[in-house]
Structures are given as structure tokens and as C-alpha cells.
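Structure assessment
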Amino acid sequence: ARSLLQAAAAAAAAAGGRNIGEEEDVCGRAEALVSLAHNEVRYWDGRRDWSGVEPLRLLLDSSAAAAELLRSRRRGNGGADDGEPSAGPRGREGPSAWRQLLARALTTRANGCFKAGCVCEPGSAVQETYFDEADLRLREAVALLPGANVQALGGA
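Since the model is a prediction, treat every value here as computed from it, not as a measurement.

Looking at the packing of aromatic side chains
- Within the structure shown, the criterion is met by 2 aromatic pairs.
- Consider the rings of tyrosine 43 and tryptophan 44, whose centres lie 4.9 Å apart with planes at 80 degrees: the pair is edge-to-face.

What follows is the structure, encoded as C-alpha cells:
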């Protein structure tokens, strides 16, 4: 599955909007990257033998790329960071589907940052940076889905 998803993400990036509209292209590429990142989350959750940040690089990079792709489209929708594309992933309409995809990208990034922080030197600045980013990405994801039943761990 890992190789297949990597190939799908690469193919989506290479297509570069040749046969579809720009918004659909961005969502399609982002969806491929989020699927790749989500698969990496499941892969590493199953192994539980994280030994360093570098083996987590595919998770960290694919989730960050998906979030940036979606954010850049948001900023490109009028120049402000509050505009939202009208097309969602796989043709689903509206900003709600787009927000859900961005929230998935942010939560997979948070998961990767948490895992990376767990393998850093305890108490180090690098570990704190990863943990702080994980917290930030989770807050961003929850804020994207107001009124939704969002399960978040770590708070009482």
C-alpha cells in the first residue's frame, strides 16, 4: 500500500492540472498526500518501533505538503487566509469538504510531529518544537470544524 500511495501522490503531482480545474487539481493532489500520510500513521502505529525522526520523514513530509497545498489554495482564493475553494476532494462540493480535508492533513501532521518528538532527546529544544507543532496543528484542525463532534486526546 505504501508504494502504491507514493506512486499515486507522485502521479497527482505530475498531472499538474492538465485535464481538470485548478481547485480540483489541488484537492486531488492534497487528497493523495493525505492518504499517503494517513497510511504512514497506520504503518507506524502498527510497528511501534520508532527509532528516529528520519524513518518518519515520509509521514512528516506528505502531511506538511498536503496542508501547505490546501493553505496555498486558500490564500490564493482572494489573497486572504479566510477564503475557501468551492470544490472539495473527489468532486464533493463546498468548503465543508475542503475544511475536512485540511483538518485531516493537519491531524496527520500532528501525529507525525508527536511521533518525531517521542524519538528526540528528552527535554531537548527539538523535542519541544515537535510537540508544540503537534499541539498547534490539532488546535488548527479542531478550529476548522466548528460544531463538529471532534475527539481530541490530552485534555480533561
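After that view, the rundown keeps rolling.
Concerning the environment of arginine 73
- Note on placement: arginine 73 falls in helix α3 (residues 57-75).
- With a relative accessible area of 13%, arginine 73 lands in the buried category.
- For the pair formed by arginine 73 and valine 26, sequence separation is 47 residues and the distance between their alpha carbons is 7.3 Å.

Things to note about helix α5 (residues 125-144)
- For α5, spanning 20 residues, the distance from its first C-alpha to its last is 29 Å, which sits close to the expected 28 Å at 1.5 Å a residue.
- Restricting attention to buried positions, one finds in α5 the residues Gln127, Tyr130, Glu133, Ala134, Arg137, Ala141 and Leu144. Along the axis of α5, the buried residues cluster in a sector spanning 130 degrees; they form a single face. In α5, the exposed residues that point more than 90 degrees away from the buried face are Ala125, Arg139 and Ala143.

Concerning the confidence of the model for the protein
- With 65% of its residues at a pLDDT of at least 70, the protein reaches an overall mean of 79.
- When pLDDT is averaged over each element of the protein, α5 comes out on top at 96 and helix α1 (residues 2-15) at the bottom at 62.
- Residue range residues 17-21 is modelled with pLDDT below 50. Its contacts to residues more than four positions away, or to other chains, number 2 contacts.
- A low-confidence stretch, residues 78-82 (pLDDT under 50), is modelled with 6 contacts involving residues beyond four sequence positions or located in other chains.

Here is what the cut-offs are and how they apply
- Residues numbered from 1 in each chain as written.
- Predicted model: local features only at pLDDT ≥ 70, side-chain atom pairs only at ≥ 80, totals over all residues.
- Heavy atoms only, no water.
- Phe/Tyr/Trp six-rings, centres within 6.5 Å; stacked < 30°, edge-to-face > 60°.
- Helix = DSSP H or I, 4+ residues; strand = E, 2+ residues; numbered from the N terminus.
- Buried < 20%, exposed > 50% of the residue type's maximum accessible area, 1.4 Å probe, protein only.
- Expected span 1.5 Å × (residues − 1).
- Arc of directions from axis to C-beta.
- pLDDT = per-residue confidence, 0-100.
- Contact = heavy atoms within 4.5 Å.

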